[in-house]
Amino acid sequence: MAAARRILCIGGGPAGLYFALLAKQADPARAVRVVERNRPYDTFGWGVVFSDQTLGNLEAADGETARQIVGAFNRWDDIDIHFRGRTIRSGGHGFCGIGRKRLLNILQARCEALGVELVFERPVDDDVAEAEAFGADLVIASDGINSRIRERYAASFRPDIDLRACRFVWLGTKKRFDAFTFAFVETPHGWFQAHAYRFDDDTSTFIVETPETTWKAAGLDTMSQEEGIATCERLFAPWLDGHRLLSNASHLRGSAIWIRFPRVVCGRWVHRVEHAGRRWPVVLMGDAAHTAHFSIGSGTKLAFEDAIALERAIAAEPDLERALDAYEAARGVEVLKIQNAARNSTEWFENVKRYTALEAEQFAYSLLTRSQRISHENLRLRDAGYVAHAEAWYAAKTGVGARPPMFTPFTLRGLALPNRVVVSPMAQYSCVDGLPDDYYLVHLGSRAHGGAGLVFTEMTCVAPDARISEGCAGLWNDDQAAAWKRIVDYVHAHTSSKIALQLGHAGPKGSTQRGWEEADAPIEPASRNWPLVAPSAIAYGPENQVPRAMTREDMDRVRDQFVEATRRGARAGFDWLELHCAHGYLLSAFLCPLTNRRTDEYGGSLENRCRYPLDVFRAMRAAWPADRPMSVRLSAHDWAPGGNTPDDAVAMARLFRDAGADLIDVSSGQTTRDAKPVYGRMYQTPFADRIRNEVGIATIAVGAISEADHVNSIIAAGRADLCAIARPHLANPAWTLTEAAKIGWTE
């Protein structure tokens with residue numbers, strides 16, 4: 001398909017206008033039309049926010065438009081967080097605000113100057129008829145968050161629209177805020193928060209947000225628009241200084257001004273229309289294609305970057321079809337990154353109550369780093385003074401002088417760790433008959449020398465038939481206990497690290513090949529396999545052995561094996577004990593509804609599914625020394641339909657806490673082959689955060705944590721108490737010391 005010559009943009013918001021002017025600027029011979037249902041100066045928002053990075057992108061794409069926008073900006077660097085009578089300020093954030101109406105006017109004028117045809121007050125009910133009338137060979141569906149075109153071609157675009165849990169109202173005020181302001185107010189009904197920022201010389205945006213349950217409890221759902229705004233004025237009077245809150249949505253009645261944010265994700269962004277012998281593409285852009293929660297201020301940024309990316313793709317590729325494929329592929333990845341960050345930010349604001357037990361310093365730090373896009377070192381670049389104060393405050397809470405949070409001590413029961421770094425349990429598949437030899441002494445000893453505060457064994461099996469593979473470590477006999485004691489004694493004698501024992505039973509995932517062979521496949525030859533047990537007779541995969549459903553006798557036997565291994569571990573001198581209830585192994589299989597189909601008291605409800613793992617845990621806790629900590633590893637999300645969710649993980653963590661667990665080691669997945677995890681940097685940390693701050697129990701965060709910067713951010717924000725690092729420790733046993741050197745910590 002030849003490059004576009006006649007371009008029709010349906011929707012005259014930032015995406016449609018900006019793409020139109022870029023397309024016309026690139027080739028003045030093109031015919032470009034923008035059709036908008038509203039009048040030129042109608043808009044129902046207030047101000048929009050850009051970062052300095054976005055301004056650089058605009059300058060590169062069209063310097064004239066960028067200069068006009070920059071000339072209308074109000075700039076600020078500071079964020080003020082008002083919480084429980086305290087104000088915490090952080091600087092260096094580099095924001096710019098502009099009125100939405102002013103922005104649209106600049107884009108409209110620039111379009112007209114370049115020769116783009118602008119058509120206002122024309123609702124488009126039939127995009128095909130509109131395209132035919134214009135002779136379009138490219139249609140841009142930039143018709144906003146409630147896109148009719150996206151709905152019409154839903155089978156192609158595959159939209160997923162998720163209405164989020166909070167209600168919010170977008171207001172304005174003549175109060176001039178000199179910083180991006182977050183204010184939090186507790187009421188008898190729950191928490192309300194305001195997001196406020198100035199966007200011109202005398203006007204600020206003022207967004208009020210609260211969970212829908214709180215909104216209804218406060219009666220806002222039955223109030224008139226005027227009554228609802230007056231309620232917000234009373235709630236936020238300390239920050240409004242007598243100024244009124246203003247609405248420009250007079251067309252809405254009653255509580256309709258309060259909306260739930262729709263998160264929009266589309267599987268595809270391009271649809272091909274065939275009509276009357278012609279064929280043309282319809283391309284989603286801006287809010288029609290995706291949304292990002294206003295708390296990270298990226299909606300207009302994404303719209304502009306969509307427009308820039310599409311124009312560049314068309315300029316680089318003469319064939320329009322290939323250009324559109326390149327646009328969809330490139331923008332899909334970039335938008336996913338922003339939407340993942342926006343999801344984290346959205347969930348933080350939906351769950352403000354979760355963090356209100358934190359002191360103001362940690363509450364503010366948690367807010368600033370909520371999206372996981374802004375990290376500890378990124379904050380330091382923005383405002384070194386703020387980070388120095390935060391580090392000193394956090395260190396003082398642990399009784400030491402100022403230092404990075406990663407290097408503060410941590411105490412649990414009678415055990416004190418020198419820092420917050422944990423070497424995660426990692427199967428090595430290198431034992432013979434479960435006996436750890438010199439390889440394990442070197443493997444674990446070198447990582448203890450490398451500076452980690454706590455070093456975990458791999459999952460150590462409680463019986464020969466509890467192993468994952470023939471190479472797995474064990475603790476079912478005295479020879480193994482003596483071998484482990486040699487390793488424990490070495491760590492204690494030669495390093496400052498502590499050493500933890502993780503005990504587990506492979507259950508339905510047992511009797512498989514070593515990890516570097518055909519992982520999860522049965523051992524070959526078949527004669528070397530052993531019988532498996534599980535809560536139900538469900539194989540882990542089509543090639544795996546079908547396990548026998550456990551009888552009461554089996555359950556008693558396995559529980560006793562865990563207890564005997566616990567006693568051997570205590571005699572070997574381990575500092576810490578962990579029970580493995582994650583990743584689809586035996587106890588995890590009891591917890592997961594996809595693998596536990598029992599009809600007795602050990603199946604069905606979540607409480608029943610937890611019953612046997614809790615029985616095992618209590619028996620182990622009774623056999624483990626009272627002054628030594630004991631943790632539980634859980635899969636906080638099965639990532640599969642019908643499996644456990646983060647809500648279930650919170651309930652499970654409460655049950656283990658009540659049974660005596662000191663800490664939850666929070667992982668996810670690997671419970672079923674149908675799992676579809678959503679990977680990303682620190683992708684499991686939100687699960688640890690939620691369990692820690694809702695359940696009130698210490699947690700370990702694990703998963704895609706690879707830098708000191710990640711650890712410092714997680715610990716300082718109170719998302720977890722420890723961070724487990726796996727693969728980076730395989731590549732570099734001295735990972736902790738290396739990262740310390742990178743950030744300049746030498747003590």
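Read on for a plain summary of the structure. Please read these numbers as outputs of a predicted model, since none were measured by experiment.

Another aspect to go through is the overall build of the protein chain. Helix and strand counts for the protein chain stand at 26 helices and 29 strands. Computed over its C-alpha atoms, the radius of gyration of the protein chain comes to 29 Å, within 12% of the 27 Å expected for a compact globule of 747 residues. The C-alpha extent of the protein chain, read off along each of the three principal axes, is 85 × 65 × 50 Å. Within the protein chain, residue pairs in contact and separated by at least 24 positions form 73% of the contacts whose partners lie at least 6 positions apart. Put simply, the protein chain shows about 28,300 Å² of open surface, and 50% of that area lies on carbon and sulfur atoms. A gap of 2 Å separates the mean positions of the 86 positive and 93 negative side-chain charges of the protein chain.

Generally speaking, a soluble globular protein has its nonpolar side chains buried in company with each other. By size, the foremost hydrophobic cluster in this structure holds 92 residues, and its most contacted members are L503, F562, L579, Y612, F656, I664 and I691. Looking at which element gives the most residues to this core, the answer is helix 21 (residues 606-623), with seven residues. Once residues lying within four places of it in the same chain are set aside, the contact partners of Y612 are M550, R552, M555, V558, R559, L587, F590 and Y602. In terms of nonpolar packing, the next biggest core, distinct from the first, is built from 76 residues, C111, V283, L284 and L324 among them.

Following both chains from N to C, one finds helix 17 (residues 438-449) and helix 18 (residues 478-494) inclined at 25°, their axes separated by 10 Å at the closest point. It follows from the interaxial angle that helix 17 and helix 18 lie roughly parallel. Relative to helix 18, helix 17 is oriented so that their crossing is right-handed. On the side of helix 17, the interface is formed by D438, Y440, L441, L444, G445, A448 and H449, while helix 18 contributes W484, R486, I487, Y490, V491 and H494. Classifying every residue of the contact of helix 17 with helix 18 gives eight nonpolar, three polar and two charged.

Under the criterion given, the structure shown has 39 aromatic pairs. Between F261 and F294, the ring centres sit 6.3 Å apart and the planes meet at 75°, which makes this aromatic pair edge-to-face. Taken together, the residues F261 in strand 15 (residues 259-266) and F294 in the loop between strand 17 (278-284) and helix 11 (299-316) connect sequence positions 33 residues apart. Neither F261 nor F294 differs from the other in exposure class; each is buried.

The next point concerns the sheet that holds strand 29 (residues 722-725). Spatially, eight strands are ordered 20-21-22-25-26-27-28-29 in a closed barrel, and the strand pairing comes out parallel. Sheet twist, expressed as the mean angle between neighbouring strand axes with direction ignored, is 25°. Sheet topology places strand 26 (residues 630-635) next to strand 27 (residues 663-667); five bridges connect them, and they run parallel. Looking at strand 27, one finds that S631 is bridged to L663. In the packing of helix 17 onto the sheet, contacts are made with strand 20 (421-423), strand 21 (454-461) and strand 22 (498-504), and the angle to strand 21 comes to roughly 150°. Seen against the sheet, helix 21 touches strand 22, strand 25 (576-581) and strand 26 and runs at an angle of roughly 170° to strand 25.

What follows covers the sheet that holds strand 2 (residues 31-35). Taken in spatial order, the six strands of this open sheet run 8-2-1-9-17-16, and their pairing is mixed. Each end of this open sheet is capped by a strand with a single partner; those strands are strand 8 (117-119) and strand 16 (270-275). Neighbouring strand axes in the sheet, compared pairwise and without regard to direction, differ in orientation by 20° on average. In the sheet, strand 2 pairs with strand 8 via three bridges, with the strands oriented parallel. Looking at the pairing, V35 lines up with V119 of strand 8.

What follows deals with the environment of T187. Structurally, T187 is set in strand 11 (residues 180-187). The class of T187 is buried, set by a relative accessible area of 14%. In this structure the C-alpha to C-alpha distance between T187 and A218, which are 31 residues apart in sequence, comes to 8.8 Å. The residues contacting T187, other than those within four sequence positions of it, are F192 and L235. Reaching out from T187, the side chain makes a polar contact with the backbone oxygen of G190 at a distance of 2.7 Å.

With that settled, the discussion passes to the pattern of salt bridges. Counted under the stated rule, the structure contains 61 salt bridges. The partner of K301 in a salt bridge is E305, with the nearest N and O atoms 2.9 Å apart. Taken together, the residues span about one helical turn, with K301 and E305 both in helix 11 at a distance of four residues. Among the charged side chains, a network of salt bridges with common partners joins R272, E274, R279, E321 and D325.

Mapped onto the elements of the fold, T214 is located in helix 8 (residues 212-217). Among the residues examined, T214 registers a relative accessible area of 5% and is labelled buried. When near neighbours in sequence (up to four residues on either side) are disregarded, T214 contacts H189, G190, W191 and F192.

Within a regular beta strand, the side chains point alternately toward one face of the sheet and then the other, so they alternate between its two faces. Burial analysis of strand 21 places eight of its eight residues in the buried class, which makes it a mostly covered element. Two strands pair when backbone bridges link them, and strand 20 and strand 21 are joined in this way by two bridges, in the parallel orientation. Residue V422 lies in a different strand from strand 21, and its bridge partner there is L454. Taken together, the six bridges between strand 21 and strand 22 define a ladder with parallel strand orientation.

Okay, empty space enclosed by the protein next. The final tally for this structure, using the stated rule, is six cavities of 30 Å³ or more. A volume near 80 Å³ is recorded for the largest cavity. Every residue lining the largest cavity is listed: R164, F261, R263, T291, A292, H293, Q339, A342, R343 and T346. With four residues, helix 12 (residues 320-350) is the single largest residue contributor to the lining of the largest cavity.

What follows is about the pairing of strand 22. The buried count for strand 22 comes to six of seven residues, which makes it a mostly enclosed element. For the handedness criterion, the β-α-β arrangement of strand 21, helix 18 and strand 22 is classed as right-handed.

So, about helix 18. When the terminal C-alpha atoms of helix 18 are compared, their 24 Å separation across 17 residues agrees well with the 24 Å that a helix rising 1.5 Å per residue should span. The inward-facing, buried residues of helix 18 abut helix 17, strand 21, strand 22 and helix 19 (552-572). Its side-chain oxygen placed 3.1 Å from the backbone nitrogen of D479, N477 serves as the N-cap of helix 18.

Rules used throughout
- Residues numbered from 1 in each chain as written.
- Predicted model: local features only at pLDDT ≥ 70, side-chain atom pairs only at ≥ 80, totals over all residues.
- Heavy atoms only, no water.
- Helix = DSSP H or I, 4+ residues; strand = E, 2+ residues; numbered from the N terminus.
- Rg over C-alpha atoms; globule rule 2.2 N^0.38 Å.
- Contact = heavy atoms within 4.5 Å.
- Areas by Shrake-Rupley, 256 points an atom, 1.4 Å probe, with all protein chains shown as cover.
- Lys, Arg positive; Asp, Glu negative; His and termini not counted.
- Charge placed at Lys NZ, Arg CZ, Asp CG, Glu CD.
- Core = buried A, V, L, I, M, F, W, Y, C linked by side-chain atoms within 4.5 Å.
- Buried < 20%, exposed > 50% of the residue type's maximum accessible area, 1.4 Å probe, protein only.
- Axes fitted to C-alpha atoms, helices over the stretch in contact; angles between N-to-C directions.
- Parallel < 35°, antiparallel > 145°, perpendicular 65-115°, else oblique.
- Left-handed = near helix turned anticlockwise from the far one by under 90°.
- Nonpolar A, V, L, I, M, F, W, Y, C, P; charged D, E, K, R; others polar.
- Phe/Tyr/Trp six-rings, centres within 6.5 Å; stacked < 30°, edge-to-face > 60°.
- Pairing = 2+ DSSP bridges.
- Polar contact = N/O pair within 3.5 Å; in protein donor to acceptor, adjacent residues only side chain to side chain.
- Salt bridge = Lys/Arg side-chain N within 4 Å of Asp/Glu carboxyl O.
- 1 Å grid on protein atoms, 1.4 Å probe; cavity = no way out; pocket = protein on both sides within 12 Å on 5 of 7 lines; lining within 4 Å.
- Points joined across faces, edges and corners; volume = space filled by probe spheres on them.
- Right-handed = clockwise from strand over helix to strand, strands pointing away.
- Expected span 1.5 Å × (residues − 1).

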